[in-house]
Amino acid sequence: MRLLIIILCFFSFSLQNGFAQTSVNHTVEDQETLFSISRKYNVSVSDIVQANAIQNNVIKIGQVLVIPQQGAVPQNNNQWDQPATTTVVKVEPKLYNEAVYYTAKEGETLRGIAYIYQVPVDSLSVWNAYLPDQLLSDGQQIVVSVSGNVNQLDQKTKEVQSKSFADLTQEEARDYDIPMQKVERGNGQVVELPNNTSKLMALHRPETVGSYIKVINPNNDLEAVVRVVAALPVQSIENGVIIKISEEVAKKIGAVNQEFRIRVEYNQ
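Residues numbered from 1 in each chain as written. Predicted model: local features only at pLDDT ≥ 70, side-chain atom pairs only at ≥ 80, totals over all residues. Heavy atoms only, no water.

1. So, the overall build of the chain
Next up, step 1: Along the backbone of the chain there are nine helices and 10 strands.
Next up, step 2: Counting every position in the chain, which comprises 268 residues, the buried fraction comes to 35%.
Next up, step 3: Considering only contacts within the chain whose residues lie at least 6 apart along the sequence, 66% involve residues at least 24 apart. (Helix = DSSP H or I, 4+ residues; strand = E, 2+ residues; numbered from the N terminus. Buried < 20%, exposed > 50% of the residue type's maximum accessible area, 1.4 Å probe, protein only. Contact = heavy atoms within 4.5 Å.)

Below you can see the structure in the form of structure tokens.
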């Protein structure tokens, strides 16, 4: 009888070791994302999300995550932290095994990087746990692809796409399918608009009445989008005035004199 009890106890102990820990806990640190954690433990992001009931793929610093192991244990550089009898079984990641990284420059944002690599900015936010317009630091590694496929714009395309309409040539607009805009440079004046001085309004050409156009102060590059409420008098055009703006517009673009130089951009 005693022999039978010993055998059963040994068998139970063996079963417990045979079904050893199938998950580990991980405390989220600064700059970590679901993607980086999944690669560290050789599991998929979806497994971590499911195991922790994560909503919208959002994790926080200090949050303790349950990492399902499925027979694998995380790589640990400190051998004393691992039991002597532990066998490390490497399991290839189910997903994201061909990640592509981009080295950010100081002041860049995920929104700008998303444009360069032609990927949804929301995807970059999930992969990197950053807001679209959050400023990045120099040298920061940003995941731009989890499949190994990238569609990065070439340097010439980026240069052309980043130009203002005033600097864009007709050839570049045609070759890169960019809608051309009408650009005017000349003198502007402040016009009194009774009861409307708090609004961004202007007098411009007859064909733009009712539409919105952009005005830029070339001295400081301040700009405003204004609504054209009426056409300029012919006499003003003959005197070299290309637009008249409300006092509120003048304040917004930093025009301090009654007459000033101005640039106007609008769709043809």
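2. As for helix H4 (residues 110–117)
Next up, step 1: Every buried residue of H4 is listed here: Leu110, Ile113, Ala114, Ile116 and Tyr117. Taken end-on, H4 shows its buried residues confined to a sector of 160 degrees, consistent with a single buried face.
Next up, step 2: Count one or two residues on from H4 and you reach glutamine 118, which has phi positive near 55 degrees. (Arc of directions from axis to C-beta.)

3. Side note on unusual backbone geometry
Next up, step 1: Unlike most non-glycine residues, asparagine 42 shows phi in positive territory, near 60 degrees.
Next up, step 2: Within the secondary structure, asparagine 42 sits in the loop between helix H2 (34–41) and helix H3 (45–52).
Next up, step 3: Under the relative-accessibility criterion, asparagine 42 is labelled buried at 14%.

4. As for the pairing of strand S6 (residues 201–204)
Next up, step 1: Here S6 shows a buried face lined by Met201 and Leu203 and a second buried face lined by Ala202 and His204.
Next up, step 2: With four bridges connecting them, S6 and strand S8 (residues 223–231) associate as parallel partners. The residue of S8 that forms the bridge with leucine 203 is alanine 230.
Next up, step 3: Where S6 meets strand S9 (residues 241–245), two bridges bridge the pair, whose relative direction is antiparallel. Within S9, the position partnered with alanine 202 by the bridge is isoleucine 245. (Pairing = 2+ DSSP bridges.)

5. Details of the confidence of the model for the chain
For any part of a model where pLDDT is low, the fine detail of the predicted coordinates should not be relied upon.
Next up, step 1: On average, residues of the chain score 75 in pLDDT, and 73% of them reach the 70 mark or higher.
Next up, step 2: Counting interchain partners and residues more than four positions distant, the pLDDT-below-50 stretch residues 10–20 has zero contacts.
Next up, step 3: Segment residues 71–96 is flagged for pLDDT under 50; beyond a separation of four residues in sequence, or across chains, it makes 29 contacts in the model. (pLDDT = per-residue confidence, 0-100.)

6. Remarks on the environment of glycine 148
Next up, step 1: As for its placement among the helices and strands, glycine 148 is situated in the loop between strand S4 (141–145) and helix H6 (155–161).
Next up, step 2: When its relative accessible area of 34% is taken as the criterion, glycine 148 is described as partly exposed.
Next up, step 3: For the pair glycine 148 and alanine 99, spaced 49 residues apart in sequence, the C-alpha to C-alpha distance is 5.4 Å.

7. What about the packing of aromatic side chains?
Next up, step 1: A complete count under the given rule lists one aromatic pair for this structure.
Next up, step 2: On the numbers, 5.7 Å between centres and 70 degrees between planes, the contact of tyrosine 102 with tyrosine 117 is edge-to-face. One end of the pair, tyrosine 102, is in strand S3 (residues 100–103); the other, tyrosine 117, is in helix H4, and 15 residues separate them in sequence. Exposure class is identical for tyrosine 102 and tyrosine 117. Each is buried. (Phe/Tyr/Trp six-rings, centres within 6.5 Å; stacked < 30°, edge-to-face > 60°.)

8. Focus: the packing of H2 against H3
Next up, step 1: At a minimum axis separation of 8 Å, H2 and H3 run at an interaxial angle of 105 degrees. By the criterion of interaxial angle, the relationship of H2 to H3 is roughly perpendicular. Contacts from Leu34, Phe35, Ile37 and Ser38 in H2 reach Val45, Ile48 and Val49 in H3.
Next up, step 2: Taken together, the residues of the contact of H2 with H3 sort by class into six nonpolar, one polar and no charged. (Axes fitted to C-alpha atoms, helices over the stretch in contact; angles between N-to-C directions. Parallel < 35°, antiparallel > 145°, perpendicular 65-115°, else oblique. Nonpolar A, V, L, I, M, F, W, Y, C, P; charged D, E, K, R; others polar.)

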